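Spelled out from the first residue to the last, the chains are:
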Amino acid sequence: MARGIEMRDAHFPGQAPIDAYGNGGFRFADMSHRGSLLCLPSGIHGWELQEGEALTIEAFAKVLAEADGIEVLLVGTGENMRPIPADLKAALKERGISSDPMSTGAAVRTFNIMLAESRAVAAALIAV
């Protein structure tokens, strides 16, 4: 029996380098995703945050939940680098995560290098 279109949360169950970014999305693992991404130990997840929106503890809840597998979090803040708010930085540090904000392009490049080095890296990438 046909069930129609089935909508699911965007999720790739593994770690993969980001092949391309721009035009509001990303390409990785022979797939494309429109919108922002969280690249975590559990996989690559679609993320609702858009450029210009506040970087809040709530927006990073999935990152904090996977803190045991993350040493460094690269935060791609969009076209331009903007600082991580003090409360979010403190919440990450409390869980043993070092955070580094940068433009999304720089975060993608750094993530790919650190992933190739088998580092415990994660990335929060706002689409540009």
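J.: How would you summarise the environment of E53 if you had to cite specific residues and measurements?
T.: Relative to the helices and strands, E53 resides in the loop between β6 (43-47) and α1 (61-65). For E53 and G69, which are 16 residues apart along the polypeptide, the C-alpha to C-alpha distance reads 26 Å. Sequence-distant contacts of E53, defined by excluding residues within four places in its chain, comprise E48 and R82.

J.: I'd like to hear about the sheet that holds strand β2 (residues 18-22), residue by residue, with values.
T.: One open sheet accounts for three strands, arranged β2-β3-β4; its pairing is antiparallel. Of all strands in the sheet, those with a lone pairing partner are β2 and β4 (31-34), marking the two edges. Taken pair by pair, the neighbouring strands of this sheet meet at an average axis angle of 15°, ignoring direction. Sheet topology places strand β3 (residues 25-28) next to β4; four bridges connect them, and they run antiparallel. Residue pairing for β4: G25 is matched across the bridge by R34. Relative to β2, helix α3 (residues 104-116) is tilted by about 180°, and along the sheet it contacts β2 and β3.

Calculation rules
- Residues numbered from 1 in each chain as written.
- Predicted model: local features only at pLDDT ≥ 70, side-chain atom pairs only at ≥ 80, totals over all residues.
- Heavy atoms only, no water.
- Helix = DSSP H or I, 4+ residues; strand = E, 2+ residues; numbered from the N terminus.
- Contact = heavy atoms within 4.5 Å.
- Pairing = 2+ DSSP bridges.
- Axes fitted to C-alpha atoms, helices over the stretch in contact; angles between N-to-C directions.

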